[in-house]
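Spelled out from the first residue to the last, the chains are:
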Amino acid sequence: MIKSMTGFGIATADSDNLRITVEIKSLNSKFLELNLKLPKSFSEKELLLRNTCSKAIERGKVSIAINLEQADETRKGAGINKVLLSRYYRELEALNTELGAKAQNLLQMALSLPEVLNYAEEESSEADWDKVWHTFNEALQNFNRFRADEGDILKADLALRIKNILDFFAKVEEAEPLRVPQIRARLMQVLEDNLGKAAVDQNRLEQELIYYIDKLDITEEKTRLKSHCAYFMDTLNSKEASGKKLGFISQEIGREINTMGAKANDAQIQQWVVGMKEELEKIKEQLLNVL
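Residues numbered from 1 in each chain as written. Predicted model: local features only at pLDDT ≥ 70, side-chain atom pairs only at ≥ 80, totals over all residues. Heavy atoms only, no water.

## Description of the overall build of the protein
No. 1: Each helix and strand counted, the protein has eight helices and six strands in total.
No. 2: In the protein, the order of α-helices and β-strands from amino to carboxyl end is β-β-β-α-β-β-α-α-β-α-α-α-α-α.
No. 3: Here the protein has a C-alpha radius of gyration of 34 Å; the compact-globule value for 291 residues is 19 Å, and the former is much larger.
No. 4: Considered along the principal axes of its C-alpha atoms, the protein spans approximately 115 × 55 × 25 Å.
No. 5: Counting across all 291 residues of the protein, residues that qualify as buried make up 35%.
No. 6: Pairs at least 24 residues apart make up 79% of the contacts formed inside the protein by residues separated by at least 6 positions.
No. 7: Surface summary for the protein: the accessible area is close to 17,800 Å², and the carbon and sulfur share equals 52%.
No. 8: Averaging the positions of the 41 positive and the 47 negative side-chain charges in the protein gives two centres separated by 2 Å. (Helix = DSSP H or I, 4+ residues; strand = E, 2+ residues; numbered from the N terminus. Rg over C-alpha atoms; globule rule 2.2 N^0.38 Å. Buried < 20%, exposed > 50% of the residue type's maximum accessible area, 1.4 Å probe, protein only. Contact = heavy atoms within 4.5 Å. Areas by Shrake-Rupley, 256 points an atom, 1.4 Å probe, with all protein chains shown as cover. Lys, Arg positive; Asp, Glu negative; His and termini not counted. Charge placed at Lys NZ, Arg CZ, Asp CG, Glu CD.)

Given below as C-alpha coordinates:
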(Lines give C-alpha, C1' and ligand atoms only; values in the text may rest on other atoms or scores of the structure.)
Protein backbone atom coordinates (compact mmCIF):
# COMPACT_ATOMS: atom_id res chain seq x y z
CA MET A 1 0.00 0.00 0.00
CA ILE A 2 1.09 3.58 -0.55
CA LYS A 3 0.86 6.52 1.83
CA SER A 4 0.62 10.22 1.20
CA MET A 5 3.36 12.47 2.56
CA THR A 6 0.65 14.97 3.45
CA GLY A 7 -0.78 14.14 6.83
CA PHE A 8 -2.46 15.45 9.95
CA GLY A 9 -3.00 13.93 13.36
CA ILE A 10 -4.08 15.31 16.72
CA ALA A 11 -4.69 13.81 20.14
CA THR A 12 -5.63 15.30 23.51
CA ALA A 13 -5.69 13.99 27.04
CA ASP A 14 -6.87 15.39 30.39
CA SER A 15 -5.34 14.27 33.63
CA ASP A 16 -5.75 15.92 37.05
CA ASN A 17 -4.92 19.59 36.39
CA LEU A 18 -3.05 18.89 33.16
CA ARG A 19 -4.36 19.08 29.59
CA ILE A 20 -2.08 17.58 26.93
CA THR A 21 -2.38 18.34 23.21
CA VAL A 22 -0.19 16.80 20.51
CA GLU A 23 -0.55 17.95 16.89
CA ILE A 24 1.37 16.50 13.91
CA LYS A 25 1.30 17.99 10.40
CA SER A 26 3.33 17.18 7.30
CA LEU A 27 3.91 18.23 3.70
CA ASN A 28 5.89 16.51 0.96
CA SER A 29 9.69 16.56 1.01
CA LYS A 30 12.46 14.33 -0.33
CA PHE A 31 13.81 13.83 3.18
CA LEU A 32 12.57 13.98 6.77
CA GLU A 33 12.54 17.61 7.92
CA LEU A 34 11.31 17.61 11.51
CA ASN A 35 10.33 20.74 13.41
CA LEU A 36 9.65 19.74 17.01
CA LYS A 37 8.12 22.06 19.60
CA LEU A 38 7.86 20.70 23.13
CA PRO A 39 7.88 22.05 26.71
CA LYS A 40 11.28 22.80 28.24
CA SER A 41 10.56 20.37 31.05
CA PHE A 42 10.69 17.53 28.50
CA SER A 43 13.62 18.79 26.43
CA GLU A 44 15.69 15.70 27.35
CA LYS A 45 13.07 13.56 25.54
CA GLU A 46 13.70 15.24 22.18
CA LEU A 47 16.07 12.55 20.89
CA LEU A 48 13.57 9.80 21.73
CA LEU A 49 10.83 11.65 19.88
CA ARG A 50 13.03 12.30 16.84
CA ASN A 51 14.09 8.65 16.61
CA THR A 52 10.48 7.51 16.87
CA CYS A 53 9.41 9.94 14.13
CA SER A 54 12.27 8.86 11.88
CA LYS A 55 10.99 5.27 11.94
CA ALA A 56 7.25 5.97 11.87
CA ILE A 57 7.11 8.93 9.47
CA GLU A 58 10.14 8.27 7.18
CA ARG A 59 9.87 11.32 4.91
CA GLY A 60 8.15 14.68 4.75
CA LYS A 61 8.35 18.20 6.12
CA VAL A 62 6.87 17.54 9.56
CA SER A 63 5.79 19.90 12.34
CA ILE A 64 5.04 18.47 15.79
CA ALA A 65 3.71 20.60 18.63
CA ILE A 66 3.31 19.25 22.17
CA ASN A 67 1.46 21.63 24.48
CA LEU A 68 0.77 21.34 28.20
CA GLU A 69 -1.88 23.50 29.86
CA GLN A 70 -2.33 23.70 33.60
CA ALA A 71 -6.02 23.71 34.50
CA ASP A 72 -5.20 25.22 37.89
CA GLU A 73 -3.36 28.45 37.06
CA THR A 74 -2.49 29.00 40.72
CA ARG A 75 0.11 26.26 40.40
CA LYS A 76 2.09 28.51 38.06
CA GLY A 77 4.29 31.01 39.82
CA ALA A 78 4.70 34.50 38.36
CA GLY A 79 7.26 37.12 39.34
CA ILE A 80 7.50 40.86 38.59
CA ASN A 81 10.84 42.46 37.77
CA LYS A 82 10.27 45.57 39.92
CA VAL A 83 13.47 47.34 38.88
CA LEU A 84 12.68 46.96 35.19
CA LEU A 85 9.02 47.90 35.79
CA SER A 86 10.02 51.12 37.59
CA ARG A 87 12.42 52.07 34.78
CA TYR A 88 9.79 51.45 32.10
CA TYR A 89 7.20 53.42 34.06
CA ARG A 90 9.49 56.45 34.61
CA GLU A 91 10.45 56.55 30.92
CA LEU A 92 6.84 56.31 29.82
CA GLU A 93 5.86 59.07 32.29
CA ALA A 94 8.66 61.35 31.09
CA LEU A 95 7.77 60.74 27.46
CA ASN A 96 4.11 61.37 28.20
CA THR A 97 4.96 64.77 29.78
CA GLU A 98 7.44 65.73 27.06
CA LEU A 99 4.95 65.09 24.27
CA GLY A 100 2.07 66.66 26.13
CA ALA A 101 0.10 63.48 25.76
CA LYS A 102 -2.60 62.41 28.14
CA ALA A 103 -2.02 58.68 28.07
CA GLN A 104 -3.76 56.67 30.74
CA ASN A 105 -2.86 53.35 32.35
CA LEU A 106 0.92 53.82 32.14
CA LEU A 107 1.35 51.06 34.70
CA GLN A 108 -0.60 48.60 32.56
CA MET A 109 1.52 49.56 29.55
CA ALA A 110 4.71 49.04 31.55
CA LEU A 111 3.53 45.63 32.73
CA SER A 112 3.03 44.51 29.13
CA LEU A 113 6.60 45.34 28.08
CA PRO A 114 9.20 42.55 27.65
CA GLU A 115 10.62 40.68 30.64
CA VAL A 116 8.57 42.52 33.26
CA LEU A 117 6.51 39.44 34.07
CA ASN A 118 8.36 36.16 34.43
CA TYR A 119 6.37 32.95 34.60
CA ALA A 120 7.98 30.05 36.33
CA GLU A 121 8.10 26.82 34.37
CA GLU A 122 5.89 24.15 35.82
CA GLU A 123 7.97 21.12 36.71
CA SER A 124 6.71 17.90 35.15
CA SER A 125 6.97 14.47 36.69
CA GLU A 126 7.74 11.14 35.07
CA ALA A 127 4.06 10.31 35.39
CA ASP A 128 3.28 13.43 33.31
CA TRP A 129 5.75 12.24 30.66
CA ASP A 130 4.05 8.84 30.50
CA LYS A 131 0.78 10.61 29.70
CA VAL A 132 2.50 12.82 27.10
CA TRP A 133 4.14 9.77 25.51
CA HIS A 134 0.80 7.95 25.30
CA THR A 135 -0.86 11.01 23.75
CA PHE A 136 2.00 11.45 21.28
CA ASN A 137 1.65 7.85 20.08
CA GLU A 138 -2.10 8.29 19.72
CA ALA A 139 -1.53 11.40 17.58
CA LEU A 140 1.06 9.48 15.54
CA GLN A 141 -1.46 6.70 14.86
CA ASN A 142 -4.06 9.25 13.77
CA PHE A 143 -1.44 10.91 11.56
CA ASN A 144 -0.48 7.65 9.83
CA ARG A 145 -4.16 6.72 9.42
CA PHE A 146 -4.71 10.05 7.66
CA ARG A 147 -1.70 9.35 5.43
CA ALA A 148 -3.02 5.89 4.57
CA ASP A 149 -6.47 7.27 3.68
CA GLU A 150 -4.87 9.90 1.45
CA GLY A 151 -2.70 7.15 -0.03
CA ASP A 152 -5.81 5.20 -1.07
CA ILE A 153 -7.03 8.24 -3.00
CA LEU A 154 -3.63 8.64 -4.67
CA LYS A 155 -3.53 4.94 -5.51
CA ALA A 156 -6.92 5.11 -7.24
CA ASP A 157 -5.82 8.13 -9.26
CA LEU A 158 -2.50 6.55 -10.29
CA ALA A 159 -4.28 3.36 -11.37
CA LEU A 160 -6.67 5.45 -13.46
CA ARG A 161 -3.75 7.23 -15.17
CA ILE A 162 -2.10 3.93 -16.08
CA LYS A 163 -5.42 2.66 -17.43
CA ASN A 164 -5.72 5.79 -19.58
CA ILE A 165 -2.19 5.26 -20.92
CA LEU A 166 -3.04 1.65 -21.81
CA ASP A 167 -6.27 2.81 -23.49
CA PHE A 168 -4.28 5.15 -25.73
CA PHE A 169 -1.76 2.35 -26.27
CA ALA A 170 -4.55 -0.02 -27.40
CA LYS A 171 -5.48 2.49 -30.10
CA VAL A 172 -1.83 2.66 -31.20
CA GLU A 173 -1.68 -1.14 -31.42
CA GLU A 174 -4.84 -1.21 -33.49
CA ALA A 175 -3.62 1.43 -35.95
CA GLU A 176 0.04 0.38 -36.11
CA PRO A 177 -0.33 -2.51 -38.64
CA LEU A 178 -1.77 -0.03 -41.17
CA ARG A 179 1.11 2.38 -40.69
CA VAL A 180 3.82 0.52 -42.68
CA PRO A 181 1.74 -0.01 -45.86
CA GLN A 182 0.75 3.65 -45.75
CA ILE A 183 4.38 4.75 -45.42
CA ARG A 184 5.37 2.43 -48.26
CA ALA A 185 2.60 3.72 -50.52
CA ARG A 186 3.44 7.33 -49.72
CA LEU A 187 7.14 6.88 -50.57
CA MET A 188 6.32 5.05 -53.78
CA GLN A 189 3.99 7.86 -54.84
CA VAL A 190 6.65 10.53 -54.16
CA LEU A 191 9.24 8.64 -56.24
CA GLU A 192 6.87 8.04 -59.13
CA ASP A 193 5.76 11.67 -59.16
CA ASN A 194 9.33 12.94 -59.28
CA LEU A 195 11.21 10.25 -61.26
CA GLY A 196 8.54 8.37 -63.11
CA LYS A 197 7.63 4.74 -62.54
CA ALA A 198 10.05 3.38 -65.14
CA ALA A 199 13.05 5.11 -63.57
CA VAL A 200 12.62 3.42 -60.20
CA ASP A 201 14.79 0.38 -59.51
CA GLN A 202 12.30 -1.85 -57.71
CA ASN A 203 14.92 -4.13 -56.10
CA ARG A 204 16.95 -1.23 -54.75
CA LEU A 205 13.75 0.48 -53.66
CA GLU A 206 12.63 -2.57 -51.68
CA GLN A 207 16.00 -2.73 -49.91
CA GLU A 208 15.81 0.95 -48.97
CA LEU A 209 12.21 0.61 -47.83
CA ILE A 210 13.06 -2.35 -45.60
CA TYR A 211 15.92 -0.37 -44.04
CA TYR A 212 13.78 2.75 -43.59
CA ILE A 213 10.74 0.95 -42.20
CA ASP A 214 12.93 -1.01 -39.81
CA LYS A 215 14.06 2.30 -38.31
CA LEU A 216 10.40 3.16 -37.69
CA ASP A 217 9.49 -0.17 -36.10
CA ILE A 218 8.01 0.25 -32.59
CA THR A 219 7.52 -3.41 -31.69
CA GLU A 220 10.16 -3.32 -28.92
CA GLU A 221 8.79 -0.07 -27.51
CA LYS A 222 5.27 -1.52 -27.37
CA THR A 223 6.48 -4.63 -25.56
CA ARG A 224 8.52 -2.66 -23.02
CA LEU A 225 5.73 -0.13 -22.43
CA LYS A 226 3.23 -2.86 -21.58
CA SER A 227 5.82 -4.50 -19.32
CA HIS A 228 6.60 -1.23 -17.48
CA CYS A 229 2.89 -0.46 -16.96
CA ALA A 230 2.30 -3.95 -15.55
CA TYR A 231 5.31 -3.56 -13.23
CA PHE A 232 4.02 -0.16 -12.12
CA MET A 233 0.66 -1.68 -11.14
CA ASP A 234 2.31 -4.65 -9.38
CA THR A 235 4.44 -2.23 -7.35
CA LEU A 236 1.46 0.03 -6.66
CA ASN A 237 -0.50 -2.92 -5.24
CA SER A 238 2.35 -4.41 -3.22
CA LYS A 239 2.79 -3.92 0.53
CA GLU A 240 6.24 -2.41 -0.03
CA ALA A 241 5.03 0.27 -2.47
CA SER A 242 7.42 3.23 -2.58
CA GLY A 243 7.03 6.63 -4.19
CA LYS A 244 10.68 6.63 -5.24
CA LYS A 245 10.41 3.22 -6.92
CA LEU A 246 7.23 4.21 -8.71
CA GLY A 247 9.03 7.36 -9.85
CA PHE A 248 11.83 5.30 -11.42
CA ILE A 249 9.30 3.09 -13.23
CA SER A 250 7.44 6.15 -14.53
CA GLN A 251 10.71 7.41 -16.02
CA GLU A 252 11.03 4.16 -17.97
CA ILE A 253 7.43 4.46 -19.15
CA GLY A 254 8.18 7.98 -20.36
CA ARG A 255 11.27 6.81 -22.25
CA GLU A 256 9.25 4.26 -24.24
CA ILE A 257 6.43 6.73 -24.94
CA ASN A 258 8.91 9.34 -26.22
CA THR A 259 10.66 6.83 -28.49
CA MET A 260 7.32 5.62 -29.82
CA GLY A 261 6.33 9.18 -30.66
CA ALA A 262 9.64 9.86 -32.39
CA LYS A 263 9.30 6.76 -34.57
CA ALA A 264 5.57 6.99 -35.25
CA ASN A 265 5.67 9.06 -38.45
CA ASP A 266 1.88 9.11 -38.22
CA ALA A 267 -0.23 12.10 -37.15
CA GLN A 268 -2.94 10.05 -35.44
CA ILE A 269 -0.51 7.88 -33.49
CA GLN A 270 1.40 10.97 -32.39
CA GLN A 271 -1.84 12.46 -31.02
CA TRP A 272 -2.35 9.34 -28.93
CA VAL A 273 1.26 9.57 -27.79
CA VAL A 274 0.59 13.15 -26.63
CA GLY A 275 -2.37 11.82 -24.65
CA MET A 276 -0.11 9.23 -22.98
CA LYS A 277 2.42 11.96 -22.12
CA GLU A 278 -0.30 14.06 -20.49
CA GLU A 279 -1.37 11.13 -18.31
CA LEU A 280 2.25 10.40 -17.40
CA GLU A 281 2.79 14.00 -16.29
CA LYS A 282 -0.18 13.69 -13.95
CA ILE A 283 1.37 10.50 -12.54
CA LYS A 284 4.66 12.29 -11.89
CA GLU A 285 2.89 15.16 -10.13
CA GLN A 286 1.03 12.74 -7.85
CA LEU A 287 4.17 10.74 -7.09
CA LEU A 288 5.76 13.84 -5.56
CA ASN A 289 3.33 13.38 -2.67
CA VAL A 290 3.73 9.59 -2.31
CA LEU A 291 5.81 8.30 0.59
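There's plenty left to go through after this.
## Notes on the packing of helix H7 (residues 243-264) against helix H8 (residues 267-287)
No. 1: At a minimum axis distance of 10 Å, the contact between H7 and H8 shows a crossing angle of 165°. By the angle between their axes, H7 is roughly antiparallel relative to H8. The chirality of how H7 crosses H8 is left-handed. Here H7 contributes Gly243, Leu246, Gly247, Ser250, Ile253, Gly254, Ile257, Asn258, Met260, Gly261 and Ala264 to the contact with H8, which in turn contributes Ile269, Gln270, Val273, Met276, Lys277, Leu280, Ile283, Lys284 and Leu287.
No. 2: Taken together, the residues that form the contact of H7 with H8 break down as 11 nonpolar, seven polar and two charged. (Axes fitted to C-alpha atoms, helices over the stretch in contact; angles between N-to-C directions. Parallel < 35°, antiparallel > 145°, perpendicular 65-115°, else oblique. Left-handed = near helix turned anticlockwise from the far one by under 90°. Nonpolar A, V, L, I, M, F, W, Y, C, P; charged D, E, K, R; others polar.)

## Here we look at the pattern of salt bridges
No. 1: Per the counting criterion, the structure on display carries 15 salt bridges.
No. 2: Measuring nitrogen to oxygen at the nearest pair gives 3.4 Å for the salt bridge that ties glutamate 220 to arginine 224. Remark: arginine 224 and glutamate 220 occur in helix H6 (residues 219-237); sequence separation between them is four residues, near one turn of the helix.
No. 3: The class of glutamate 220 is exposed, set by a relative accessible area of 53%.
No. 4: Arginine 224 gets classed as partly exposed once you look at its relative accessible area, which sits at 32%.
No. 5: Shared partners join several salt bridges into a network, and the residues in it are Glu220, Glu221, Arg224, Glu256 and Lys263. (Salt bridge = Lys/Arg side-chain N within 4 Å of Asp/Glu carboxyl O.)

## Quick look at the sheet that holds strand S4 (residues 60-70)
No. 1: With respect to topology, four strands assemble into an open sheet ordered S1-S2-S4-S3, the strand pairing being mixed. Either end of the sheet is taken by a strand with one partner, and the two such strands are strand S1 (7-15) and strand S3 (32-37). The average undirected angle you get between the axes of adjacent strands in this sheet is 10°.
No. 2: With six bridges connecting them, S3 and S4 associate as parallel partners. Looking across to S4, one finds that leucine 32 is bridged to glycine 60.
No. 3: Helix H1 (residues 46-57) contacts S3 and S4 of the sheet and is inclined by roughly 145° relative to S3. (Pairing = 2+ DSSP bridges.)

## Here's the deal with the side chain of glutamate 221
No. 1: Mapping glutamate 221 onto the fold places it in helix H6.
No. 2: By relative accessible area, glutamate 221 is classed as buried at 4%.

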